[in-house]
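What follows is the residue order along each chain.
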Amino acid sequence: MLVTGHTGFKGSWLSLWLHMLGAEVTGFALPPPDDTPSLFAAARIDALIEHVEGDIRDLTAVRAVVEASRPEVIFHLAAQPLVRLSYREPVETYATNVMGTVHLLEAARRAPGVRAVVCVTSDKCYENREWVWPYRESDPMGGHDPYSSSKGCAELVASAYRSSFFANGPGLATVRAGNVIGGGDWAEDRLVPDLVRAFEAGVAPLIRAPDAVRPWQHVLEALGGYLQIAERLLAGERNFADAWNFGPSDDDTRPVSWIVEQVRGLWGGDARPQTLDHGARVHEAGLLRLDCSKARAALGWRPGLTLEQALDWIVAWHKAIGRGEDARAVTLAQIADYSAASRHGSVPVAA
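Going by the annotation in an unreviewed UniProt entry, the name recorded for the protein is CDP-glucose 4,6-dehydratase, with Sphingomonas naasensis given as the source organism.

Here is the structure:
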C-alpha cells in the first residue's frame, strides 16, 4: 500500500491506522519540517512503515516509488494544503497539487499491480457561490484562491484520467472532506492549531474571520470514508470509482467564533481571542457546506463524532502530549476507540 504525503497531518493519521489494520505501508513525501513539530516525527512513524523521501513534483521519483513498492492501493494525499500559503507561493501550489496529481496517476496507470487509487482533494474544490445550500459532487469546480482552484484542477485531472486511462484498469476515486481537525496538527494558519498554540502559551489567539462557516470534522471521520472507498474499489466495485463528499452533519457546520469559544472552554484559562484587522486578511470563503447524502446512501457512511466530541478529543490529545505521554500511543488509542465505537454506534468522550 502506498500513501503519498504520509509525513503530513492527515497522512500520519492514515499511516498509523493502516499499520494498525495490518497493512504493509510505503510512504512517499517530503521530510517533515525541522522548525515545527509534526505528528510523523512525534509518533515515530518511520519506524512502522517504509519511509521514502521524495517530491511529488518529480515524475521520475514518483514512478520509481510506485514501481518499487508495487502497491495494490494508493492513497494520494501529497499536497500544498494551505490557502494563505497559496497566495504567497502560487506556482509551488499548482505544481504540487495539479502536476503532482498528474504524476501520481501517470505512474499508477503504468503499474500492473495497482487496483485502487484514492485521490484526496478538498471541499474547497467547488466554485463557491456563498450560498446556503451544501455542495454536491456534481456541482462545478472552481476556486477564488490558488489553493482552492488547484484542488478543483486536481479533480478535473482525475476525472480525465478516469475516463481516458482507468476505465478498464484500477478504480480511481476522488474524496472531498471538510475542514479536517485533530490532535497532532501544528500547521500555521489553521484555526485549531493556532488556538492550541495560543492557549498553551496563555496568550490571546488572533482570529481572521470569526463569522466564517466551515464543515468541521475530526480527521478520523474523513479517513474512515477514504478507507471505505478503497475497500469497495479493491473489491472491484466500479461504481465507486467516482467523486465523494465526506463532511459533518448539518448541525456541525459552525462559525469560527463558535469553535474558538468551545476550545477555550475545554482548554481553560482566561485568554480572550482578538480579531485580525480586516486590512490584513486575504480572501477566504465565508460559507461552505457539503452534501454527503451520496456517501450515506451508497456506503452507509455517517459521522461518528459530534463536533463537541471532536474538539474534546483534540484538546485531550494535546494535553496528554503536554503531560509527556507518547504521541504514538495516544494517537493509536484514539484510532482504536473510534474504530470500536463506530462498530457499536457510539463514540466515547475523551478522558
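Still more to cover.
Novice: Sorry, what's going on with the overall build of the protein here?
Specialist: Secondary structure assignment for the protein yields twelve helices and twelve strands. In terms of overall dimensions, the protein is globule-like: its C-alpha atoms have a radius of gyration of 19 Å, near the 20 Å expected for 351 residues. With respect to the three principal axes, the spread of C-alpha positions in the protein is 60 × 45 × 40 Å. The buried share of the protein, reckoned over its 351 residues, is 54%. Taking contacts inside the protein between residues at least 6 apart in sequence as the whole, the part at least 24 apart equals 81%. Accessible surface, the protein: about 14800 Å² in total, of which carbon and sulfur atoms supply 51%. Charged side chains of the protein number 34 positive and 43 negative; the gap between the two group centres comes to 4 Å.

Novice: Got a minute to help me understand the environment of Pro-210 in this structure?
Specialist: Here Pro-210 is to be found in the loop between strand S8 (206-207) and strand S9 (213-218). For Pro-210, a relative accessible area of 22% translates into the label partly exposed. Along the backbone, Pro-210 and Pro-255 are 45 residues apart, and their C-alpha atoms lie at a distance of 6.6 Å. For Pro-210, the contacting residues outside a window of four places in its chain are Pro-255, Val-256, Ser-257 and Thr-275.

Novice: It is not clear to me how the pairing of strand S6 (residues 171-177) should be interpreted in this structure. Could you clarify?
Specialist: Successive residues of a regular strand alternate their side chains across the two faces of the sheet. Counting buried positions along S6 yields seven of seven residues, so the element is predominantly enclosed. Side chains of S6 alternate between two faces, with Gly-171, Ala-173, Val-175 and Ala-177 and Leu-172, Thr-174 and Arg-176 buried alike. This β-α-β element, strand S5 (residues 116-120) to helix H6 (residues 146-164) to S6, shows right-handed connectivity. In the sheet, S6 pairs with strand S10 (residues 243-246) via four bridges, with the strands oriented parallel. Within S10, the position partnered with Thr-174 by the bridge is Ala-243.

How each quantity is defined
Residues numbered from 1 in each chain as written. Predicted model: local features only at pLDDT ≥ 70, side-chain atom pairs only at ≥ 80, totals over all residues. Heavy atoms only, no water. Helix = DSSP H or I, 4+ residues; strand = E, 2+ residues; numbered from the N terminus. Rg over C-alpha atoms; globule rule 2.2 N^0.38 Å. Buried < 20%, exposed > 50% of the residue type's maximum accessible area, 1.4 Å probe, protein only. Contact = heavy atoms within 4.5 Å. Areas by Shrake-Rupley, 256 points an atom, 1.4 Å probe, with all protein chains shown as cover. Lys, Arg positive; Asp, Glu negative; His and termini not counted. Charge placed at Lys NZ, Arg CZ, Asp CG, Glu CD. Right-handed = clockwise from strand over helix to strand, strands pointing away. Pairing = 2+ DSSP bridges.

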